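# Structural description and commentary
Below are the chains, spelled out letter by letter.
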Amino acid sequence: MGRQAGYDRGKVLAQAQALFWSKGFLGTSLKDLETALDMRPGSIYAAFGSKEALFAEALKSYAQHSREAFRQTVAQAGSPLAGLAAHVRALGCVADNRPPSQACMLVKTMLETPPDNADLLGLTETLIQSMEAAFAEMFRQAIQTGELPQTADPDRLASRLQAEIFGLRTYAQRKGSDARVAQMAEDIARDIEALRVAA
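Parameters at a glance
Residues numbered from 1 in each chain as written. Predicted model: local features only at pLDDT ≥ 70, side-chain atom pairs only at ≥ 80, totals over all residues. Heavy atoms only, no water. UniProt positions renumbered as here; feature names shortened; annotations may be inferred. Helix = DSSP H or I, 4+ residues; strand = E, 2+ residues; numbered from the N terminus. Axes fitted to C-alpha atoms, helices over the stretch in contact; angles between N-to-C directions. Contact = heavy atoms within 4.5 Å. Nonpolar A, V, L, I, M, F, W, Y, C, P; charged D, E, K, R; others polar. 1 Å grid on protein atoms, 1.4 Å probe; cavity = no way out; pocket = protein on both sides within 12 Å on 5 of 7 lines; lining within 4 Å. Points joined across faces, edges and corners; volume = space filled by probe spheres on them. Core = buried A, V, L, I, M, F, W, Y, C linked by side-chain atoms within 4.5 Å. Buried < 20%, exposed > 50% of the residue type's maximum accessible area, 1.4 Å probe, protein only. Salt bridge = Lys/Arg side-chain N within 4 Å of Asp/Glu carboxyl O. Polar contact = N/O pair within 3.5 Å; in protein donor to acceptor, adjacent residues only side chain to side chain.

## Points about the UniProt feature "DNA-binding region" (unreviewed entry) in the protein chain
Here, UniProt's "DNA-binding region" (unreviewed entry) annotation points to residues 29-48. Note that residues 29-48 is 80% helix and 0% strand, and that its end C-alpha atoms are spaced 15 Å apart.

Structure, rendered in structure tokens:
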């Protein structure tokens, strides 16, 4: 143990992210990190500054990968609403790709972080807002392309979708919920498609 030089930062960050996502910031001890990362405390602090700094970097990486997956999904769809629906359907396929936790890491962090940790809560809120803004942009594009009426409120629609996704991901934490989660994701996706203006 204790490799300070020559470590793969990307690999270490991915391992830390998986651990934090599974156990949460408070639930992850320094000993847990030592074991998972194969690094001594001094090496961890030398590389990342602190446990909180490591967590913040892992959280940013999680959010970046989530946004990239979303961008790839909508880019392959035939329209903005189709892209949003495809994104939700992908989230419903929990049995196909088992992450460390079914709950969104951002929401999990927001719920578990004490109110006095303003920095971590602020970062989490910023990252959540960024994803919601991406949803709103897709709804705006749907208005521009005529999929939605001009009277539609893209920000309100984005907030509602974000809330539905939060609920879906939280429900997925329940044991034996895979089939029900897939059904609910399909219902949400169809609700999005039903917003489309009739030709």
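## Some remarks on the packing of helix 5 (residues 80-92) against helix 7 (residues 118-144)
Here helix 5 crosses helix 7 at 145°, and the two axes come no closer than 8 Å. Residue-level inspection shows Pro 80, Leu 81, Leu 84 and His 87 of helix 5 in contact with helix 7, the latter providing Met 131, Phe 135, Met 138, Phe 139, Gln 141 and Ala 142. Grouping the amino acids of the contact of helix 5 with helix 7 by side-chain chemistry returns eight nonpolar, two polar and no charged.

## Digging into empty space enclosed by the protein
According to the stated counting rule, one finds one cavity of 30 Å³ or more in the structure shown. Quantified by volume, the largest cavity comes out at close to 40 Å³. Lining the largest cavity, in full, are Gly 24, Phe 25, Leu 26, Phe 55, Thr 109, Glu 112 and Thr 113. Of the residues contributing to the lining of the largest cavity, the split by class is three nonpolar, three polar and one charged.

## Observations regarding the nonpolar core
Generally speaking, a soluble globular protein has its nonpolar side chains buried in company with each other. Within the largest apolar cluster, 28 residues are counted, with the highest numbers of intra-cluster contacts made by Phe 20, Leu 37, Leu 54, Leu 59 and Leu 106. Membership of the second largest hydrophobic core comes to 25 residues, among which are Val 74, Val 88, Phe 135 and Leu 168.

## Concerning the pattern of salt bridges
Think of it this way: side chains of opposite charge can pair up when their charged atoms draw near. Evaluated as defined, the whole model comprises nine salt bridges. The shortest N-O distance in the salt bridge between Asp 155 and Arg 140 comes to 2.8 Å. Remark: Arg 140 occurs in helix 7 and Asp 155 occurs in helix 8 (residues 154-171); sequence separation between them is 15 residues. Given a relative accessible area of 30%, Arg 140 falls into the partly exposed group. With its nearest N and O atoms 3.5 Å apart, the salt bridge here joins Glu 164 to Arg 160. Taken together, the positions of Glu 164 and Arg 160, both in helix 8 and four residues apart, correspond to about one turn of that helix. A residue is classified by how much of its surface remains accessible, and Arg 160, at 48% relative accessible area, is partly exposed. Salt bridges here are not isolated pairs; linked through shared partners, they connect Arg 89, Glu 186, Arg 190 and Glu 193.

## Remarks on the side chain of Ser 61
Of note, Ser 61 is situated in helix 4 (residues 51-76). Within the local environment of Ser 61, its side chain forms a polar contact with the side chain of Gln 17, the two groups lying 3.5 Å apart. Those residues in contact with Ser 61, other than ones at most four positions away along the chain, are Leu 13 and Gln 17.

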